[in-house]
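Notes for the structure review
Below are the chains, spelled out letter by letter.
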Amino acid sequence: MDICTITQFRNALTTPRVYLNRLTNINFDPSTLMRNKYFAECCAEQNGQQIMLYAPITPTSLRMAQQAIELFDATDDELSSLTLLSNEMYCGDVNNSYCSIVMEQVVDGTLLSEALYTSNKTRLLRGLKELDNSLKKYDISINHLHPDSIVVDSKHHWHLLRAFYATAGY
């Protein structure tokens with residue numbers, strides 16, 4: 001089984017030592033738990049590193065994530081860091097099924113939605129140009145660019161969150 005419910009995901013995040021295989025030492029922020037079209041998601045921390053966790057809620061979710069992982073693995077840019085953790089989450093159902101989880105490392109920085117008010121516009125535009133050049137170079141399209149899904153690091157480079165929306169073809 002490679003899909004779950006948001007309730008099963010919440011249970012796993014609340015009691016990771018019971019429901020998760022490798023992510024047993026995470027701390028998650030319950031206020032960030034939400035659902036989008038393909039995944040239940042939340043912000044968490046693992047060993048001092050901020051991560052995003054995504055649990056697939058539709059049959060196409062993992063296929064999207066796998067395609068995006070392949071696209072970004074073929075680049076030498078640090079646009080995104082997606083990892084598929086196969087059979088990571090015990091679903092706690094009568095079938096004793098497991099679900100895969102997608103993990104994304106979050107680069108230290110500021111969400112673009114905040115950086116728009118606090119950073120130099122020239123530097124932000126340079127970051128946008130660099131992102132656009134990288135996407136062109138690797139023939140990648142992102143179908144979900146939003147100020148809350150881009151992290152701007154201290155060098156004003158842009159890094160993608162929710163990169164599972166990536167597809168081949170600029």
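Structural data are supplied above this passage.
Residues numbered from 1 in each chain as written. Predicted model: local features only at pLDDT ≥ 70, side-chain atom pairs only at ≥ 80, totals over all residues. Heavy atoms only, no water.

Some words on the overall build of the protein
Cut-off, in case you're wondering: Numbering of helices and strands starts at the N terminus; helices are DSSP runs of H or I of at least 4 residues and strands are runs of E of at least 2. The atom set for the radius of gyration is the C-alpha atoms, and the globule formula is 2.2 Å times the number of residues raised to the power 0.38. Throughout this description, buried means an accessible area under 20% of the type-specific maximum (1.4 Å probe, protein chains only), exposed means over 50%, and partly exposed covers the range between. Note on areas: Shrake-Rupley, 1.4 Å probe, and residue coverage restricted to the protein chains presented here. A residue counts as positive if it is Lys or Arg and as negative if it is Asp or Glu; His and the chain ends are not included. All charge positions are set by atom: Lys at NZ, Arg at CZ, Asp at CG, Glu at CD.
A tally of regular secondary structure across the protein gives five helices and 11 strands. Here the protein has a C-alpha radius of gyration of 16 Å; the compact-globule value for 170 residues is 15 Å, and the two agree. For the protein, the C-alpha atoms occupy an extent of roughly 55 × 30 × 25 Å along the three principal directions. Counting all 170 residues of the protein, 46% fall into the buried class. Summing over all exposed atoms, the protein offers an accessible surface of approximately 9200 Å²; the carbon and sulfur share of this is 48%. Of the charged side chains in the protein, 14 are positive and 19 negative, and the gap between their average positions amounts to 5 Å.

Focus on the pattern of salt bridges
As a reminder, the rule being used: The rule for a salt bridge is simple: a side-chain nitrogen of Lys or Arg has to be within 4 Å of a carboxyl oxygen of Asp or Glu.
Enumeration according to the criterion identifies three salt bridges in this entry. The salt bridge involving Glu 88 is made with Arg 22; its shortest N-O contact spans 2.9 Å. One end of the pair, Glu 88, is in strand E5 (residues 82-90); the other, Arg 22, is in the loop between helix H2 (16-19) and strand E1 (26-28), with 66 residues separating them in the sequence. Owing to a relative accessible area of 46%, Arg 22 belongs among the partly exposed residues under this scheme.

Let's talk about the sheet that holds strand E10 (residues 158-160)
The line we're drawing: Two strands form a pair only when DSSP identifies at least two bridges running between them. Contacts were defined at the residue level, with two residues in contact if any of their heavy atoms lie within 4.5 Å. The axes used here are C-alpha line fits, helices contributing only the stretch in contact, and every angle between their N-to-C directions lies in the interval 0 to 180 degrees.
Taking strand neighbours across the sheet as the criterion, the three strands line up as E7-E9-E10 in an open arrangement whose pairing is antiparallel. The open sheet has two edge strands, strand E7 (110-111) and E10, and neither has a second partner. Sheet topology note: the strand E9 (residues 150-152)/E10 ladder contains three bridges and is antiparallel. Among the inter-strand pairings, Val 151 is bridged to a residue of E10, identified as His 159. Contacts from helix H5 (residues 121-137) reach E9 and E10, with the element oriented near 50 degrees to E10.

Remarks on helix H1 (residues 6-14)
Filter applied, for reference: Directions from the helix axis toward the C-beta atoms define the arc.
Among all positions of H1, only Gln 8, Phe 9, Ala 12 and Leu 13 are buried. When H1 is viewed along its axis, its buried side chains cluster within an angular range of 135 degrees and face the same direction.

Remarks on the packing of aromatic side chains
For the record, the criterion: A pair of aromatic rings is counted whenever rings of Phe, Tyr or Trp (Trp by its six-membered ring) have centres within 6.5 Å, and the orientation is called stacked for planes under 30 degrees apart, edge-to-face for over 60 and tilted otherwise.
Enumeration over the complete set of coordinates arrives at seven aromatic pairs. Ring geometry for Tyr 38 against Tyr 165: centres 6.0 Å apart, planes inclined by 70 degrees, an arrangement best described as edge-to-face. On the criterion of sequence distance, the pair formed by Tyr 38 in the loop between strand E2 (34-35) and strand E3 (39-46) and Tyr 165 in the loop between E10 and strand E11 (166-168) is long-range, its members being 127 residues apart. A residue is classified by how much of its surface remains accessible, and Tyr 38, at 18% relative accessible area, is buried. Owing to a relative accessible area of 13%, Tyr 165 belongs among the buried residues under this scheme. Centroid distance Phe 39 to Tyr 54: 5.9 Å. Interplanar angle 65 degrees. Geometry classified as edge-to-face. Taken together, the positions of Phe 39 in strand E3 and Tyr 54 in strand E4 (residues 49-56) put the pair 15 residues apart, joining distant regions of the chain. Each member of the pair, Phe 39 as well as Tyr 54, carries the same accessibility label: buried.

Some points on the layout of surface pockets
We apply this condition: We place a 1 Å grid over just the protein atoms. Points where a 1.4 Å probe fits but has no way out form a cavity, open points with protein on both sides within 12 Å along at least 5 of 7 lines form a pocket, and any residue with an atom within 4 Å of a point lines it. Grid points are joined across faces, edges and corners, and a volume is the space filled by probe spheres set on the points. Note that Gly is not counted as nonpolar here; it falls among the polar residues with everything else outside the nonpolar set of Ala, Val, Leu, Ile, Met, Phe, Trp, Tyr, Cys and Pro and the charged set of Asp, Glu, Lys and Arg.
Space inside the largest pocket adds up to approximately 300 Å³. Taken together, 19 residues make up the lining of the largest pocket; nearest its centre are Met 52, Leu 111, Asp 148, Leu 161 and Arg 162. Taken together, the elements giving at least two residues each to the lining of the largest pocket come down to E3, E4 and E7. Residue classes in the lining of the largest pocket are distributed as eight nonpolar, seven polar and four charged. In this model, the second largest pocket occupies a volume close to 190 Å³. Lining the second largest pocket, in full, are Asp 76, Asp 77, Glu 78, Leu 79, Gly 127, Glu 130, Leu 131, Ser 134, His 157, Trp 158 and His 159. Among the secondary structure elements, those contributing two or more residues to the lining of the second largest pocket are H5 and E10.

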